[in-house]
Amino acid sequence: MAALSINNVCKTYANGTDVLKGINIAIEDGEFLILVGPSGCGKSTLLNMIAGLDDISSGDIAIGNKRVNELSPKDRDIAMVFQSYALYPSMTVRENISFGLEIRKTPKADIDATVKRVAEMLQITHLLERKPGQMSGGQRQRVAMGRALARNPAIFLFDEPLSNLDAKLRVEMRTEIKLMHQRLKSTIVYVTHDQIEAMTLGDKIAVMKDGIVQQFGSPQDIYDNPANLFVAGFIGSPSMNFIPATVVQSGSDIGVKICDDNGCVVLPLPHDKAKLAAFVGKEVIFGIRPEQITDARTAYREGLPVMACHIDVIEPTGPDTLVFVSLNNTKVCCRTHPTEAKYPGESMDLVFDVSKAVLFDPQTEARIV
Amino acid sequence: MSGSSSQGSLHALADRWLPKLVLSPTLAASLIFVYGFIAWTGWLSFTESRLMPRYEWAGVVQYQALFENERWWTAAANLGIFGGLFILFCLLVGLLMAVLLDQKIRAEGALRTIYLYPMALSFVVTGTAWKWMLNPDMGLQKVVVDLGFTDFTFDWLVNPDMAIYTVVIAGVWQSSGFVMALFLAGLRGIDDSIIKAAQVDGASLPTIYRRILIPSLRPVFFSVLLILSHIAIKSFDLVMALTGGGPGNSSDVPAIFMYQFAFTRGQLGVGAASAMMMLFTIVAVLVPLMYMETRSAKRV
Amino acid sequence: MFKNLTVGRALVYTALLLMAIYYLLPLYVMLTTSFKSLDDIREGNMLALPQLWQGGAWSKAWAEACTGVECNGMQGFFWNSIKMTLPAVAISTLLGAVNGYVVSMWRFRGSDALFTMLLVGCFIPFQVVLLPMAQLLGLLGLANTTAGLVLVHVVYGTAFTTLFFRNFYITVPDELVKAARIDGAGFWTIFFRILLPISGPIFVVCIIWQFTQIWNDFLFGVVFASGESQPITVALNNLVNTSTGVKEYNVDMAAAIIAALPTLFVYMVAGRYFVRGLTAGAVKG
């Protein structure tokens with residue numbers, strides 16, 4: 001297992017497109033790094049560059065303190081699991097797993113022992129003599145992981161491995177990957193576009209967009225303190241509400257003015273008054289997550305502002321009911337207890353936990369406070 | 001476990017250069033044997049070469065000789081007639097057979113085999129067979145006469161005005177099966193649900209074919225046109241075997257013209273010029289076709 | 001679509017049957033003519049079955065017929081064609097496989113353009129290369145030899161074979177090669193151990209297509225090989241078109257069938273692969 005450091009890595013294609021514009025990420029030995037972002041953000045490209053499948057235009061990548069820019073994939077001591085599993089179609093599962101070891105001229109006894117160990121760990125011993133074409137998606141996924149495990153590399157790379165599985169299987173495999181990480185304490189770099197996978201699996205998350213790391217930190221950190229509008233909206237489901245609002249001074253408080261059909265309310269903000277003062281009178285984007293707008297009974301703090309809102313539509317999900325209201329002409333999602341939620345057309349008292357709210361500058365999209 | 005970093009970079013280097021190295025012989029061959037040779041022939045067409053090649057620039061003297069040559073114009077005209085009819089009938093027959101075969105016919109496999117086997121034959125064999133069948137005294141003519149139509153004549157093969165049309169008959173026989181195969185594959189590739197939607201809309205079968213299926217064959221149509229044009233312009237084997245270019249030079253085609261002037265008559269310059277003309281014709285026909293094909297692909 | 005026998009369906013079957021007759025007719029005529037005596041041919045008509053089935057024309061066609069100066073029948077030329085076709089097919093197919101592998105799996109800057117450049121070679125009229133090729137073969141001492149013909153066919157056939165293999169390998173996911181590289185496999189290991197085992201179908205298609213094209217070729221045969229080393233197509237043409245004395249139509253037909261047998265046989269045995277080859281190579285993306 002080894003640490004990974006990516007220093008100011010850039011990638012430009014031959015036709016001039018800048019795919020990666022200066023990536024800086026460092027993780028310790030044994031950490032689980034997630035690269036997450038929308039399609040085209042460059043995460044798969046970055047993964048390919050760590051693997052050595054793609055050239056690095058500028059910058060360095062070091063695995064275990066050794067610079068690997070010039071090394072071919074086979075010399076970087078990495079293993080990779082692909083979205084489409086990429087199992088060798090003409091070989092059995094056993095041959096698939098042992099292929100890499102064979103190439104490295106590992107003695108046969110060692111190969112057999114490794115295959116046995118890996119197969120047991122992934123519960124695929126009964127599949128060893130089958131060919132990829134004779135297995136289900138989930139089974140193929142395990143074999144792909146087995147192939148990677150057999151190599152016992154310094155770093156495991158995963159390229160959207162669960163995207164081709166159905167929802168139920170995806171959840172199962174996610175847990176298995178997490179268990180595997182806990183057991184083996186391996187260094188993992190995992191690419192996904194699914195923010196739930198990102199949150200549940202990673203030790204550290206790098207949210208990427210347009211070839212730049214928008215934010216790098218622990219899952220909870222990114223969830224609670226998003227650096228900009230994009231990160232705030234990307235992480236969390238249902239996603240954060242973005243309400244355009246004006247910052248007003250109301251007595252000794254500074255707050256945001258929120259209006260619906262019936263009237264307006266000023267929600268006082270407990271954040272840094274100095275920072276807020278600069279924005280009095282200006283338009284900001286008020287970001288507040290659905291679970292921070294809820295019914296009076298569920299709200300677990302006293303003294304939070306309350307507002308009566310007119311309900312447009314409700315979506316019962318089982319554990320909660322999502323209540324949609326219109327504030328400042330924006331559709332806002334609120335998470336309430338199923339028994340407390342009222343019906344469309346009615347008015348309901350909603351408590352706003354403003355301590356968790358964030359404000360964004362509408363021009364720069366960066367977080368103000 | 002990783003090797004030393006110098007070995008690592010060696011592998012990376014090999015990965016980088018080996019593909020190019022492997023491809024290079026073929027590319028070199030293409031450069032020499034295709035582009036280089038075309039340039040050589042082109043150069044030759046601008047010289048005064050006769051029996052032996054000469055390399056001094058002589059301007060367009062050979063092209064002039066070519067264009068003043070009656071026989072060349074006969075050959076060019078024949079190419080136009082043959083090419084046009086050949087392509088037209090191949091398309092019609094091929095499309096018709098494809099549509100018919102698309103009707104879930106019982107013996108489809110057997111029929112397809114029968115329609116396609118001519119493509120497995122050499123044009124020389126085809127020419128030989130049809131030469132016999134269209135033999136004025138003993139072929140088709142005799143069959144019809146024996147049936148009682150004593151005045152029937154079918155002497156196209158030896159008739160200077162009609163000889164070129166015999167080439168059309170034999171050519172269509174050979175190639176229409178191939179066109180059928182392509183159109184059939186195209187028809188089969190059409191999404192079933194489109195047809196079902198049309199049936200629900202109340203369209204009759206001929207209408208479905210006419211308004212939906214055949215128009216969606218456009219890309220196939222272009223490919224077929226490309227290939228048939230190519231076959232037509234290059235026609236040499238078939239004509240040689242069937243008519244030998246005769247009677248006289250009446251069914252001459254540019255390919256035969258080139259062969260005879262270059263190799264039998266020792267007129268390398270004219271031969272080269274005629275070859276270049278054939279190249280220009282192919283480019284003039286194929287390039288717009290390919291352009292139209294990529295354009296229509298984008299639109300669809 | 002209608003499943004019961006209606007007027008429409010009857011018409012369809014009739015039309016198809018008539019066409020089948022159109023296609024089978026020449027084959028029928030060739031066969032029957034080859035088994036007739038010359039008198040039978042003159043007296044009867046081409047559609048009639050032989051009065052007396054005789055195989056004399058066949059043995060003459062094989063061993064005694066005159067193809068220009070010599071009168072040794074088709075047999076020598078049959079073997080010439082074999083000697084020319086088999087190596088040419090093998091070499092051009094193998095080259096096509098490796099080239100197709102490179103162009104689809106190891107793309108580098110400009111590889112697509114180079115591939116297109118290669119492909120153009122499929123479309124030129126060969127007339128433009130005949131003269132220089134003749135010169136070159138003369139220089140290399142390969143004029144009028146089977147080896148020279150093999151060279152020509154390999155050079156001009158490789159563009160097609162590359163296209164076939166490239167179109168096939170392009171359907172193999174990139175990630176397979178990536179996984180192999182990470183496992184440590186190099187360029188040749190990936191080719192031999194991963195791609196080749198699944199390339200069976202395209203090899204068959206390519207070999208059948210090349211065999212048919214090369215065996216049936218006439219232009220290269222007549223220009224670059226004459227006399228001893230000419231292929232059977234050229235011999236056939238000489239046989240049929242050199243009229244010295246009485247035209248022996250039955251021998252002509254027998255010779256034509258002999259020339260056609262190998263490719264017909266291949267077609268019968270592996271016909272559907274042949275079709276796949278046509279459509280794969282022909283319908284460009």
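Residues numbered from 1 in each chain as written. Chains lettered and ligands numbered in written order. Predicted model: local features only at pLDDT ≥ 70, side-chain atom pairs only at ≥ 80, totals over all residues.

### Topic: the overall build of chain B
Heads up, the condition is: Secondary structure counts use DSSP, requiring at least four H or I residues in a row for a helix and at least two E residues in a row for a strand, with both numbered from the N terminus. Three exposure classes are used, all based on how many other C-beta atoms lie within 10 Å of a residue's own C-beta (placed from the backbone): buried at 20 or more, exposed at 12 or fewer, and partly exposed between those limits. Contact criterion: two residues are in contact if their C-beta atoms, reconstructed from the backbone, are within 7 Å.
Along its length, chain B carries 13 helices and zero strands. Sequence-ordered secondary structure for chain B, helices as α and strands as β, is α-α-α-α-α-α-α-α-α-α-α-α-α. Dimensions of chain B along its principal axes, counting C-alpha atoms only, are 90 × 65 × 35 Å. Looking at chain B as a whole, 44% of its 300 residues are labelled buried. For chain B, the share of sequence-separated contacts (at least 6 apart) that also reach a separation of at least 24 residues comes to 70%.

### Quick look at the overall build of chain C
When helices and strands are tallied, chain C shows 13 helices and zero strands. The order of helices and strands in chain C, counted from the N terminus, is α-α-α-α-α-α-α-α-α-α-α-α-α. Along the longest, intermediate and shortest principal axes, the C-alpha atoms of chain C span 75 × 65 × 30 Å. Scored against the burial criterion, the 285 residues of chain C give a buried share of 51%. A separation threshold of at least 6 residues defines the contact pool for chain C, and within that pool the share at least 24 residues apart is 74%.

### Digging into the domain arrangement of chain B
For clarity, the cut-off: Domain borders in the structure are assigned automatically or taken from a domain database.
If you check the domain split of chain B, you get domain 1 (1-32) and domain 2 (66-299). If you average the C-alpha positions of domain 1 of chain B and of domain 2 of chain B, the two centres end up 45 Å apart.

### Digging into the sheet that holds strand β10 (residues 212-217) of chain A
Residue and element names in this part refer to chain A. Keep this limit in mind: Two strands are counted as paired when DSSP detects at least two bridges linking them. Simply put, an axis is a line fit to the C-alpha atoms, just over the touching stretch for a helix, and the angle between two N-to-C directions goes from 0 to 180 degrees.
The six strands are arranged β6-β7-β8-β3-β9-β10 in an open sheet whose pairing can be described as mixed. In this open sheet, the two strands that pair with only one neighbour each are β6 (78-81) and β10. Strand-to-strand twist in this sheet, taken as the mean axis angle between neighbours without regard to direction, amounts to 15 degrees. Of the strand pairs in this sheet, β6 and strand β7 (residues 155-159) are connected by four bridges, and their pairing is parallel. Looking at the pairing, Val 81 lines up with Phe 158 of β7. Its contacts with the sheet put helix α4 (residues 137-150) on β6 and β7, and the angle it makes with β6 is roughly 175 degrees.

### Some remarks on the domain arrangement of chain C
Often, the extent of an interface is quoted as the loss of accessible area on bringing the components together. Residue and element names in this part refer to chain C. Taken domain by domain, chain C comprises domain 1 (7-54) and domain 2 (75-282). Distance from the C-alpha centre of domain 1 to the C-alpha centre of domain 2: 33 Å. Listed as interface residues are seven residues of domain 1 and, on the opposing side, seven residues of domain 2. If you list the elements that add at least two residues to the side of domain 1 that touches domain 2, you get α1 (7-34) and α2 (38-43).

### Some points on the interface of chain B and chain C
Test applied: Nonpolar residues are Ala, Val, Leu, Ile, Met, Phe, Trp, Tyr, Cys and Pro. Charged residues are Asp, Glu, Lys and Arg, and all others, Gly as well, are polar.
Contacts between the two partners involve 77 residues from chain B, matched on the other side by 69 residues from chain C. Among the elements that line the side of chain B that touches chain C, the one with the most residues is helix α1 (residues 5-45) of chain B, at 19 residues. Looking at the side of chain B that touches chain C residue by residue, the class counts come to 57 nonpolar, 13 polar and seven charged.

### With respect to the sheet that holds strand β12 (residues 253-259) of chain A
Residue and element names in this part refer to chain A. The strand order across the open sheet formed by five strands is β13-β12-β11-β14-β20, and the pairing between neighbours is antiparallel. Looking at the sheet topology across the chains shown, the edges are occupied by β13 (264-268) and β20 (358-360). Adjacent strand axes in the sheet meet at a mean angle of 45 degrees, parallel and antiparallel pairs treated alike. In this structure, strand β11 (residues 241-250) lies alongside β12, joined through five bridges in antiparallel fashion. Pairing of Val 248 across the sheet is with Gly 255, part of β12.

### A word on the pairing of strand β1 (residues 4-12) of chain A
All names here are of chain A. Pairing of β1 with strand β4 (residues 58-63) involves five bridges; the strand directions are antiparallel. Bridge pairing in β4 places Ile 6 opposite Ile 61. With seven bridges connecting them, β1 and strand β2 (residues 18-27) associate as antiparallel partners. Bridged to Thr 12 within β2 is Asp 18. Here β1 folds back onto β2 in antiparallel fashion, the turn holding five residues, of which Gly 16 has a positive phi close to 100 degrees.

### Description of the nonpolar core
Quick note on the threshold: Here, a nonpolar core means buried Ala, Val, Leu, Ile, Met, Phe, Trp, Tyr and Cys residues linked by C-beta atoms lying within 7 Å of one another.
Grouped together as the largest cluster of nonpolar side chains are 287 residues, with contacts concentrated most on Leu35(A), Met80(A), Leu157(A), Val189(A), Ala255(C) and Ala256(C). Take this core: its biggest share by element is 15 residues, from helix α3 (residues 70-101) of chain B. The residues contacting Leu157(A), other than those within four sequence positions of it, are Leu47(A), Ile50(A), Ala51(A), Ile78(A), Met80(A) and Val189(A).

### Here we look at unusual backbone geometry
Residue and element names in this part refer to chain A. For the bond running from Ser 237 to Pro 238, omega is -5 degrees, close enough to zero to count as cis. In this fold, Pro 238 is placed in the loop between α8 (229-234) and β11. For Glu 160, which is not glycine, the phi dihedral falls at a positive 45 degrees. As for its placement among the helices and strands, Glu 160 is situated in the loop between β7 and α5 (167-184). Overall, Glu 160 belongs to the partly exposed group, with 19 C-beta atoms counted inside 10 Å.

### Topic: the confidence of the model for chain B
To be explicit about the condition: The predictor reports its confidence for every residue as pLDDT, a score running from 0 up to 100.
For chain B, per-residue confidence averages 84 on the pLDDT scale, and 94% of positions sit at 70 or higher. Across residues 1-5 of chain B, confidence stays below pLDDT 50; counting only partners more than four residues off in sequence or on other chains, it has eight contacts.

### Regarding the packing of helix α2 (residues 93-103) of chain A against α4(A)
The angle between the axes and the distance between the axes are what describe a pair of packed helices. Residues and elements named next belong to chain A. Short version of the rule: Throughout, the term roughly parallel applies to angles under 35 degrees, roughly antiparallel to angles over 145, roughly perpendicular to angles from 65 to 115, and oblique to all others. Each crossing is labelled by how the near helix is turned from the far one, with a counterclockwise turn of less than a right angle marking it left-handed and a clockwise turn marking it right-handed.
Put simply, α2 and α4 touch, their axes get as near as 8 Å, and they point 30 degrees apart. Relative to α4, the element α2 lies roughly parallel. Between α2 and α4 the crossing geometry is right-handed. Of the residues in α4, those in contact with Val 93, Asn 96, Ile 97, Ser 98, Gly 100 and Leu 101 of α2 are Val 143, Gly 146, Arg 147 and Ala 150. A class-by-class count of the residues in the contact of α2 with α4 yields five nonpolar, four polar and one charged.

### A look at the pairing of strand β9 (residues 204-209) of chain A
Residue and element names in this part refer to chain A. Direction of pairing for strand β3 (residues 32-36) relative to β9: parallel, over a ladder of four bridges. Its bridge partner being in β9, Val 36 is matched across the sheet by Val 207. Pairing between β9 and β10: five bridges, direction antiparallel. Along β10, the bridge assignment pairs Ile 205 with Gly 217.

### Quick notes on the confidence of the model for chain C
All names here are of chain C. Averaged over every residue, the pLDDT of chain C is 86; residues scoring 70 or more account for 95%. Ranking the elements of chain C by mean pLDDT puts α2 last with 81 and helix α4 (residues 75-105) first with 93. Predicted as a complex, the structure gets a pTM of 0.82 and an ipTM equal to 0.87.

### Points about the environment of Ile222(A)
Residue and element names in this part refer to chain A. As for its placement among the helices and strands, Ile 222 is situated in helix α7 (residues 219-224). The buried category is assigned to Ile 222, around which 28 C-beta atoms lie within 10 Å. As a C-alpha pair, Ile 222 and Asn 48 span 174 residues in sequence and 25 Å in three-dimensional space. Residues contacting Ile 222, with those up to four places away along its chain left out, are Ile 205, Val 207, Gln 215, Gly 217, Val 231 and Ile 235.

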